[in-house]
Amino acid sequence: HLKMGISRTIREALYFETVKLVTVKNIKLGFIHKTLQFLVIVYVCVFAIWYKSGYQGHSDIDGVVFTKVKGVSMSNEPGNPVYDASDLVIPASENKAVFIATRKLTTRQHRGTCADDSVPDKNKCVSDRDCRTGGNETSNGYLTGECDNSTKYCVISGWCPVENPNLPHTEFSGIQDWTLFMRSEVSYVEWDNSTFNNGDKTEIGYNIFAVHTMLNETDVKGALHTGAILRVSLDWTCDLNVGGCLPKYEFKRVDNEGNSSGSIGYNFRDVQYITQNGKDQERLVTKYYGVSYEKTERK
C-alpha cells in the first residue's frame, strides 16, 4: 500500500492542465460579450486614464497662509470713536485663525460679595433658607448661603458685580465691509514644485474677500451680533502639467450646525487686572463677540 501511494503521488504531481477553447456560435451572446469588452476598454482609457488623469502621480502639500485684515468701523460709544484692524483683530496674530470683534461688553469688577442675578432662573430666593453654600451653577463665585433682600437672588463671594448681558453693548458698525487678504503658498513635496496665489495683483475674489461675502448668508447682521465661526478651506488640487494653479476657496459657517440654539455664535472674554498696593484689587472683563476664521488647507 505504501508503494502504491507513492506511485499515485508521483503521477499526480506530473499531471498538468491546459485551457480548452470553445467557440460560441451565437450572435446575441457574441454581441453582449463584445459590448462588455468595449465598455471596459472605454472605462479604463477614457474615464480612468484620460478624465481622471490616472496616469498622473499625486503629492502631499506643505504650505503656509498669510492673512491681513483691513477695515474701519465707528462705535456707538460717546463721541462715536473710530476703530480699525489694530483695535479689533484680537489677538493680533493667531495660528491658523483670525478673529474680528463685532461687539463687546466690559464689566469693571472687584473682589467681594454680591447677588448673582446673571441667569434669571438660577439662584432665586425669598430667604436665606433658599440659598445653599459652596459651588455655583453659573460659575461666577461661591454661594455664601445668604439671600439678597433687594434683588431676591442668592449672594456669592467672588468678582462683583457679575456680568449683566442685558446692559448696552459697544457695537462696531461696518464690519461686514471689512476685507481679508489671504496669500497662500504651497509646495508639492513629491516634485519639489511650489506655487502661490499672490502674483502681480490683489483684487476682490482673487485673494481679497469681504466679510459679508465669506458669511454668504442673508442674515449677516445676525451673524455679526452673535458672532460666528467660519471655516475657510483652500483646495490646491492642481494639474502641474498645465500650470497656472490657483486655490479654490470655500467658506462655511460651522457654529450654527445642528439643532442646539444655545451654541450658536462665538465669543470669548479678555481680562485686564488693576493692581493697587501690589494686589489685584479690580479687573476689567471684556466679552468680545465676533467672527473667527479657521483656516484649513488641502491638496
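Residues numbered from 1 in each chain as written. Predicted model: local features only at pLDDT ≥ 70, side-chain atom pairs only at ≥ 80, totals over all residues. Heavy atoms only, no water.

**Notes on the overall build of the protein chain**
Next, step 1: Tallying secondary structure elements over the protein chain gives five helices and 15 strands in all.
Next, step 2: Counting the 299 residues in the protein chain, one finds 32% classified as buried.
Next, step 3: The contacts in the protein chain between residues at least 6 apart in sequence include a share of 65% that link residues at least 24 apart.
Next, step 4: Total accessible area on the protein chain is roughly 20,000 Å²; 53% of this is exposed by carbon and sulfur atoms. (Helix = DSSP H or I, 4+ residues; strand = E, 2+ residues; numbered from the N terminus. Buried < 20%, exposed > 50% of the residue type's maximum accessible area, 1.4 Å probe, protein only. Contact = heavy atoms within 4.5 Å. Areas by Shrake-Rupley, 256 points an atom, 1.4 Å probe, with all protein chains shown as cover.)

**Section: a nonpolar patch on the surface**
Next, step 1: Taken together, the side chains of Val-22, Val-24, Leu-29, Phe-31, Ile-32, Leu-36, Phe-38, Leu-39, Val-42 and Val-46 present a nonpolar region at the surface, about 990 Å² in accessible area.
Next, step 2: Along the polypeptide, Ile-32 turns up in helix H2 (residues 27-51). (Patch = residues over 30% accessible without salt bridge, like charges linked within 9 Å, V, L, I, M, F, W, Y side chains within 5 Å. Salt bridge = Lys/Arg side-chain N within 4 Å of Asp/Glu carboxyl O.)

**Re the pattern of salt bridges**
When the charged atoms of two side chains with opposite charge come close together, those side chains can pair.
Next, step 1: Within the structure shown, the criterion is met by four salt bridges.
Next, step 2: The partner of Asp-255 in a salt bridge is Arg-253, with the nearest N and O atoms 2.7 Å apart.

**Description of the side chain of Ser-73**
Next, step 1: Topologically, Ser-73 is positioned in strand S2 (residues 72-75).
Next, step 2: When its relative accessible area of 2% is taken as the criterion, Ser-73 is described as buried.
Next, step 3: When neighbours within four sequence positions are excluded, Ser-73 is seen to be in contact with Pro-81, Val-82, Tyr-83, Phe-172, Ser-173, Gly-174, Ile-175 and Trp-178.

**Quick word on the packing of aromatic side chains**
Next, step 1: Within the structure shown, the criterion is met by nine aromatic pairs.
Next, step 2: With a centroid separation of 6.2 Å and 55° between ring planes, the pair formed by Trp-159 and Tyr-273 is classed as tilted. Here Trp-159 is found in strand S7 (residues 153-160), whereas its partner Tyr-273 is found in strand S14 (residues 267-276), with 114 residues between them in sequence.
Next, step 3: An aromatic cluster of at least three residues, connected via ring pairs, comprises Phe-99, Tyr-266, Phe-268 and Tyr-288. (Phe/Tyr/Trp six-rings, centres within 6.5 Å; stacked < 30°, edge-to-face > 60°.)

**Brief notes about the pairing of strand S12 (residues 228-235)**
Next, step 1: Counting buried positions over the eight residues of S12 gives six, a clear majority of the element.
Next, step 2: Relative to strand S13 (residues 248-253), S12 runs antiparallel, the two being bridged by six bridges. By the bridge assignment for S13, Val-232 is matched with Phe-251. (Pairing = 2+ DSSP bridges.)

**Here's the deal with the environment of Asn-149**
Next, step 1: Along the chain, the position of Asn-149 falls in the loop between strand S6 (141-148) and S7.
Next, step 2: By relative accessible area, which is 60% here, Asn-149 ends up exposed.
Next, step 3: With 23 residues separating them in the primary sequence, Asn-149 and Val-126 have C-alpha atoms 7.6 Å apart.

**Some remarks on the state of the cysteines**
Next, step 1: Counted according to the given criterion, the structure contains three disulfides.
Next, step 2: Note on cysteine connectivity: Cys-114 is disulfide-linked to Cys-160, with sulfurs 2.1 Å apart. Note on the Cys-114 and Cys-160 pair: the S-S dihedral is about -80°, so by sign convention the disulfide is left-handed. Placement of the pair is Cys-114 in strand S4 (residues 97-115) and Cys-160 in strand S7, with a sequence separation of 46 residues.
Next, step 3: Overall, the relative accessible area of 15% leaves Cys-114 in the buried class.
Next, step 4: The class of Cys-160 is buried, set by a relative accessible area of 1%. (Disulfide = S-S within 2.5 Å.)

**With respect to unusual backbone geometry**
Across the chain, the bulk of peptide bonds are trans and the bulk of non-glycine residues have phi less than zero.
Next, step 1: For the bond from Ile-90 to Pro-91, the omega torsion is -10°, close enough to zero to count as cis.
Next, step 2: Among the structural elements, Pro-91 can be located in the loop between helix H3 (85-88) and S4.
Next, step 3: Residue Pro-161 is bonded to the preceding Cys-160 through a cis peptide linkage, with omega at -10°.
Next, step 4: Tracing the sequence through the fold places Pro-161 in the loop between S7 and strand S8 (170-173).
Next, step 5: Even without glycine at this site, Ser-139 takes up a positive phi of about 65°.
Next, step 6: Relative to the helices and strands, Ser-139 is located in the loop between strand S5 (133-134) and S6.

These figures come from the coordinates and say nothing about function on their own.
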